[in-house]
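Chain by chain, the residues:
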Amino acid sequence: MSEEEDNISVMDSETELEGGTEIPMGLLEDVVYSENYLPSYNEQESVPIVEETEFNQNPDSLFFNDGKRRIDFALVYEDESKKDFDKRHTFLRRKRRREYFEASLMKMGMELEATRSVVDEKLIFVKVHMPWDVLCTYAEVLHIKLPIQQNDLASEFSPFNCFTKHFYPSEDVIAKEPEYFTAAFEKNRLEYFHVKDKDEFFTPAMRSRMAYYILCRATYEERGNVKKFGITKLLDSGVYKAAYPLHDCRFNVKSQEEGNVNERYLLYTEWAHPKNFYKMQPLDLIRKYYGEKIAIYFAWLGFYTTMLTLAAIVGLCCFIFGYKTRETSTWSKEVCDPEIGGKIFMCPRCDKDCTYWRLNSTCETSKDLCIFDNYGTLVFAVFMAIWVTLFLEFWKRYQAELEYEWDTVEFLEQEEQPRPEYEAKCVHDRKNPVTGEEEKVPYTACGRCVRLTCGIGTVLFWIFLIIASVVAVIVYRLAVFFTFSRRLREDIKGLEPFKEYVTPQMATTVTASLISFIIIMILNNLYERVAIWITDFELPRTKTDYENSLTLKMFLFQFVNYYSSCFYVAFFKGKVVGYPGEPVYWLGLYRNEECDPGGCLIELTTQLSVIMGGKAIWNNIQEVLVPWVKNMIFRYCNKVKSEKIIPRWEQDYQLQPIGKLGLFYEYLEMVIQFGFVTLFVASFPLAPLLALVNNLLEIRVDAWKMTTQFRRIVPEKAQDIGAWQPILQGVAILAVASNAAIIAFTSDMIPRLVYYWSFSVTPYTDSSSQTMAGYINNTLSIFNVSDFTEISRPRDDVIPYWFDNSTTCRYRDFRYPPGHPKQYDHNIYYWHVIAAKLAFIIVVEHIVYLTKFVLSYAIPDVPYKVKEQIKREKYLTQVLLHETNLKLATERVKPIMDKIKCDLEEDLDL
């Protein structure tokens, strides 16, 4: 490292907000930047002021008034001279910082031009331009990879392309990007790079990225040995109102500027418009316009949606198979048969207020259950376990291709600078374990443990709060079921067509699902703020550490928040209920819920459909309406006369700023959906289809929102989807166990198989061959009504007339009948079923996990073609370096050799 690089300056978080306190000087000593790139002024020294010019009346212009210098960034501030006199002292302090900051930018080589707003004369827009030399300098600093030679490796032709080409945007509209071998830019080797035009060599996204890099490091205040810099804190403290790169045109109208390629217009017409829902995404153009971080998100979302197509087709086939067999199912026919189900009297499901009921009253529910609880579901669950493995493995391959195409294979992530919030608290000394030098940290080892403990404690508190809300919903289900059982049939007498469908169990499930959804959304909004506060309190050092910490907290909370009610219905409801003579009570007050005679699977299906559907509708409405309404209100409050021409930078200012964690919430939404599709798919084969429909809409909604409603995002480089990849892998592993447990313990598949193969033949029945006839009678135990306790015995006024002479009722369990030496104890059928369920889980899990392992091993993460191209690129880069070094060495040695030659000639002459 050179002396210039060892020369350091200090970054401060500018915590001196209005009414706040200032950080004591001397606390901030972290090494961050070379003095070469940071200007220095004395406090008494006058600083250069940005020249203010008039708007040239060209609304499409992306250049300074001279029409030559391109605008790489725009800054917006409120003119302090237009403020009220009593507040002017506050704004004068902001003005000093702003002027110092702008002088720093000019000292660092950037060119500025100010223009007053057409809409609001209080606003002033500062346009920022990076000259060629500055671009070259910071392209080298950021290790930006640029073309050195056209790719000479022939691309492989695939017959599949003949079909898929019809789903891509026309190459006449969006030209295919030429393929080049690239290398990290070096200023002194410029002649080796493929430079056709200096103005086009660096794309607008690259220019904006470099401009933002400088803006984040330009000084705005200097006091002694402490330098404060960064546009972020100037935005937070109100010195500037906004900072953003410009869109290149309006989204729905082409620019009339000569040479403008109208990339935003192309993105809207060929990508964001709803008419393109069936088309593949122009990822290269998205990457070129928004940067790799945005492009990799849409690439992942598009790939996930494409893979969902196969899962949705198989799931739909499974659903159709179940629908076709619902009328032919033997056990469903027995439930609906008046001679079988009509003569089976079921025991009351609650104490006193509930009465006896006929089994055939659940006829429609049993038919609906046949749609989801059949052998096709088992096949589909195994298929989904393999599908999720293929999805993750093929995504790794596709991601490797994108990494190569987008020059992020050897993405050298610069040593991340500490977050300003971190530096503001640096008061303790410690020895850096890497450099061995003394450095400032915000807490001691003990203090760090305290912060982490507080963070973990807060997260656990909120998780317990969710569990408490789940318990509250369970109590609601218990309480309202009693009410529905007593009054529902009477209250819906006028709705005869719906009477047979609206059972107390179904009404309880639907209302509880809606309440659960509302609680989920409320807790979700509250916890987002809590999670951000906890992460801020923990003080992660870098932005990456901050995002990873927040990602883990948010996902843990969302996992419990969204999935807890589903896990309850799938694995806990109806599992510990006792029997009518000795029921189990919650909290000693509420009798535990029982499953419908058809099982809890239909309730889990209802729960999933309500939460998935409600969440999708809510999120899409929120994503579309909120920014659109905000923009409408802003334009209404700042409306101008129709004859006024508004410049490009001011049109963009009227759009919404994207949040600092904008993509984080997009990823979170999709990963939560991925959990619903994989964790509970055995109960709801239509989940992939719903997810597919939602994602087709989600892609266009996100694209429309980003293209039309938001300012242009500062481009960022990214190699992959980050911390979400291991989260997806964890969900995929859990999904195998979850679906195996759903089939074993929630559905009736295992009891039916045990009955069919073991208990439907002699010695248990008179039949000599396997059959499902008699299954319902075999799975319902008998209870003597005289064994009811006083607490649970139904009242005389609720007992129906048709039960007057009956002495027994039936309930769902495998127990010995009254009069048996082991009456009401579990019978041999029960233990056969338990053994079969455990064996099923063990066998299925091992088979599926082995298959997943084999597939993961057999499918390479990086395609062979990409490996070849990477090797070719490395070879060319080495040749370039060798030739350059050889040329430099030759230039340095030549004068010495010439001198030696001259000396030899002189010696020979003598």
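Right above here is the structure, for reference.
This text gives an overview of the structure that appears in the document. Quantities reported herein were computed from a predicted structural model and do not represent experimental measurements.

1. Here we look at the overall build of the chain
No. 1: Per the secondary structure count, the chain includes 27 helices and 19 strands.
No. 2: Taking the contacts inside the chain whose residues are at least 6 apart along the sequence as the reference set, 78% of them involve residues at least 24 apart.
No. 3: Working note: accessible area of the chain is about 43900 Å², and carbon and sulfur atoms make up 59% of it.

2. Here's the deal with the packing of helix H21 (residues 662-679) against helix H22 (residues 687-709)
No. 1: With their axes 10 Å apart at the nearest point, H21 and H22 run at an angle of 170° to one another. Considering the angle they form, H21 stands roughly antiparallel to H22. Each of Glu 666, Glu 669, Met 670, Gln 673, Phe 676 and Val 677 in H21 lies in contact with H22, whose residues at this interface are Ala 687, Pro 688, Ala 691, Asn 694, Asn 695, Glu 698, Asp 702 and Lys 705.
No. 2: Residue classes in the contact of H21 with H22 are distributed as six nonpolar, three polar and five charged.

3. Considering helix H10 (residues 292-325)
No. 1: With 34 residues, H10 should reach 50 Å at 1.5 Å per residue; the first-to-last C-alpha distance of 49 Å fits that figure.
No. 2: A bend of about 25° at Thr 309 is the largest found in H10.

4. Section: the pairing of strand S2 (residues 73-78)
No. 1: When you tally the buried positions in S2, you get five out of six residues, the bulk of the element.
No. 2: Here S2 pairs with strand S4 (residues 123-129) via six bridges, running antiparallel. Bridging across to S4, Glu 78 finds its partner in Leu 123.
No. 3: Bridging between S2 and strand S9 (residues 242-244) involves three bridges; their strand directions are antiparallel. Residue pairing across strands places Ala 74 opposite Tyr 244, the latter belonging to S9.

5. Structural notes on the environment of Phe 557
No. 1: Within the element layout of this structure, Phe 557 appears in helix H18 (residues 543-571).
No. 2: On the basis of relative accessible area, Phe 557 is assigned to the buried category, the value being 0%.
No. 3: Phe 557 sits 94 residues away from Ile 463 along the chain, and the two C-alpha atoms are 6.3 Å apart.
No. 4: If we skip the residues at most four places from it in the chain, Phe 557 touches Trp 462, Ile 466, Leu 523, Asn 524 and Tyr 527.

6. Quick look at the environment of Phe 202
No. 1: Secondary-structure assignment places Phe 202 in the loop between helix H5 (198-201) and helix H6 (204-215).
No. 2: Along the primary structure Phe 202 and Ile 144 are separated by 58 residues, whereas in three dimensions their C-alpha atoms are 9.7 Å apart.
No. 3: What Phe 202 contacts, discounting residues up to four positions off in sequence, is Trp 132, Leu 135, Cys 136, Ala 139, Leu 146, Phe 185, Arg 207 and Met 210.

7. Some remarks on helix H26 (residues 828-858)
No. 1: In this model H26 runs 45 Å from its N-terminal to its C-terminal C-alpha over 31 residues, within 8% of the 45 Å that 1.5 Å per residue would give.
No. 2: Those residues of H26 that sit buried are Tyr 829, Val 833, Lys 837, Phe 840, Ile 841, Val 844, Glu 845, Val 848 and Lys 852.
No. 3: Residues of H26 that are buried sit in contact with helix H13 (375-405), helix H23 (724-746), helix H24 (749-759) and helix H25 (775-779).
No. 4: For H26, the N-terminal cap is Asn 827; the gap from its side-chain oxygen to the backbone nitrogen of Tyr 829 is 3.2 Å.

8. Structural notes on the sheet that holds S4
No. 1: Strand order in this open sheet of five strands is S1-S3-S4-S2-S9, and the pairing throughout is mixed. The outermost strands of the open sheet, each flanked by one partner alone, are strand S1 (52-53) and S9.
No. 2: Both S1 and strand S3 (residues 111-116) contribute to a ladder of two bridges, which runs parallel. Considered in S3, the bridge of Glu 52 is made with Ala 114.
No. 3: This element, H6, spans S2 and S4 of the sheet and lies at about 45° to S2.

9. Structural notes on the packing of aromatic side chains
No. 1: Tallied over the full model, the rule gives 59 aromatic pairs.
No. 2: For the pair Trp 300 and Tyr 667, a centre-to-centre distance of 5.9 Å together with 50° between the ring planes defines the contact as tilted. You can see Trp 300 sitting in helix H10 and its partner Tyr 667 sitting in helix H21, a full 367 residues away along the chain. For the pair Trp 300 and Tyr 667, one class covers both residues: buried.
No. 3: Pairing Phe 664 with Trp 724 gives two aromatic rings, centres 5.7 Å apart and planes at 45°, and the pair type is tilted. Highlighted residues: Phe 664 in helix H21 and Trp 724 in helix H23, separated in sequence by 60 residues. For the residue pair Phe 664 and Trp 724, the accessibility class agrees, reading buried in each case.
No. 4: In this structure, Arg 217 packs its charged tip against the face of Tyr 213, placed 4.1 Å from the ring centre.

10. Some thoughts on the state of the cysteines
No. 1: Counted according to the given criterion, the structure contains three disulfides.
No. 2: Across the disulfide from Cys 347 sits Cys 809; the S-S distance is 1.8 Å. Across the disulfide from Cys 347 to Cys 809, rotation about the S-S bond amounts to roughly 90°, and the bridge is consequently right-handed. With Cys 347 in the loop between strand S10 (345-346) and strand S11 (357-358) and Cys 809 in strand S19 (residues 808-812), the pair connects residues that are 462 residues apart, well separated along the chain.
No. 3: Bridging Cys 350 to Cys 354, the disulfide has an S-S length of 1.4 Å. Every disulfide takes its handedness from the sign of the S-S torsion; for Cys 350 and Cys 354 that torsion is 100°, giving right-handed. Each member of the pair Cys 350 and Cys 354 is classed as buried.

11. Focus on unusual backbone geometry
No. 1: You will see that Gln 57, though not glycine, has its phi angle at about 65°, which is positive.
No. 2: On the secondary structure map, Gln 57 appears in the loop between S1 and S2.
No. 3: We classify Gln 57 as partly exposed; its relative accessible area is 47%.

12. Describing the nonpolar core
No. 1: Counting residues in each nonpolar core, the largest one holds 135 residues, and the members touching the most others are Trp 300, Tyr 304, Trp 387 and Phe 676.
No. 2: Broken down by element, this core gets its largest block of residues, 15 residues, from H10.
No. 3: In contact with Tyr 304, other than residues within four places in its own chain, are Trp 387, Phe 391, Met 670, Gln 673, Phe 674, Val 677 and Asn 695.
No. 4: Counting residues in each nonpolar core, the second largest holds 50 residues, with Leu 112, Ala 211, Val 866 and Leu 876 among its members.

13. Digging into the side chain of Ser 255
No. 1: Note that Ser 255 resides in the loop between S9 and helix H8 (263-272).
No. 2: Exposure remark for Ser 255: the relative accessible area of 8% places this residue in the buried category.
No. 3: When residues no more than four places from it in sequence are discounted, the contact partners of Ser 255 are Asp 60, Asp 248, Cys 249, Asn 260 and Asn 262.

14. A closer look at a nonpolar patch on the surface
No. 1: Taken together, Ile 617, Ile 621, Leu 625, Trp 628, Val 629, Met 632 and Ile 633 make up a surface patch of nonpolar side chains, about 630 Å² in accessible area.
No. 2: Secondary-structure assignment places Ile 621 in helix H19 (residues 601-637).
No. 3: For Ile 621, a relative accessible area of 45% corresponds to the partly exposed category.

15. What to know about the pattern of salt bridges
No. 1: Scanning the entire structure with this criterion turns up 32 salt bridges.
No. 2: As a salt-bridge pair, Lys 279 and Glu 270 come within 3.5 Å of each other at their nearest N and O atoms. As far as burial versus exposure is concerned, Lys 279 and Glu 270 are alike and both buried.
No. 3: For Lys 343, the salt bridge identified is with Glu 339, shortest N-O distance 2.8 Å. Here Lys 343 matches Glu 339 in class, with each residue exposed.
No. 4: What you see here is one network of salt bridges that share partners, running through Arg 326, Glu 327, Glu 364, Lys 367 and Asp 368.

16. Thoughts on the packing of H8 against H22
No. 1: Contact geometry of H8 with H22 gives a least axis separation of 10 Å together with a crossing angle of 160°. Between H8 and H22, the angle falls in the class roughly antiparallel. Crossing of H8 against H22: the hand is left-handed. Residues Arg 264, Tyr 268, Trp 271 and Ala 272 of H8 lie in contact with H22, whose contacting residues are Ile 699, Arg 700, Ala 703, Trp 704, Thr 707 and Thr 708.
No. 2: Of the residues that constitute the contact of H8 with H22, the class distribution is six nonpolar, two polar and two charged.

17. Details of the environment of Asp 197
No. 1: Along the chain, Asp 197 falls in the loop between strand S6 (180-184) and H5.
No. 2: On the basis of relative accessible area, Asp 197 is assigned to the partly exposed category, the value being 36%.
No. 3: Only 3.0 Å separates the side chain of Asp 197 from the backbone nitrogen of Asp 199, close enough to count as a polar contact.

Basis of the calculations
- Residues numbered from 1 in each chain as written.
- Predicted model: local features only at pLDDT ≥ 70, side-chain atom pairs only at ≥ 80, totals over all residues.
- Heavy atoms only, no water.
- Helix = DSSP H or I, 4+ residues; strand = E, 2+ residues; numbered from the N terminus.
- Contact = heavy atoms within 4.5 Å.
- Areas by Shrake-Rupley, 256 points an atom, 1.4 Å probe, with all protein chains shown as cover.
- Axes fitted to C-alpha atoms, helices over the stretch in contact; angles between N-to-C directions.
- Parallel < 35°, antiparallel > 145°, perpendicular 65-115°, else oblique.
- Nonpolar A, V, L, I, M, F, W, Y, C, P; charged D, E, K, R; others polar.
- Expected span 1.5 Å × (residues − 1).
- Bend = angle between axes of the 7 residues up to and from the residue.
- Buried < 20%, exposed > 50% of the residue type's maximum accessible area, 1.4 Å probe, protein only.
- Pairing = 2+ DSSP bridges.
- Polar contact = N/O pair within 3.5 Å; in protein donor to acceptor, adjacent residues only side chain to side chain.
- Phe/Tyr/Trp six-rings, centres within 6.5 Å; stacked < 30°, edge-to-face > 60°.
- Lys NZ or Arg CZ within 6 Å of the ring centre and 35° of its normal.
- Disulfide = S-S within 2.5 Å.
- Core = buried A, V, L, I, M, F, W, Y, C linked by side-chain atoms within 4.5 Å.
- Patch = residues over 30% accessible without salt bridge, like charges linked within 9 Å, V, L, I, M, F, W, Y side chains within 5 Å.
- Salt bridge = Lys/Arg side-chain N within 4 Å of Asp/Glu carboxyl O.
- Left-handed = near helix turned anticlockwise from the far one by under 90°.

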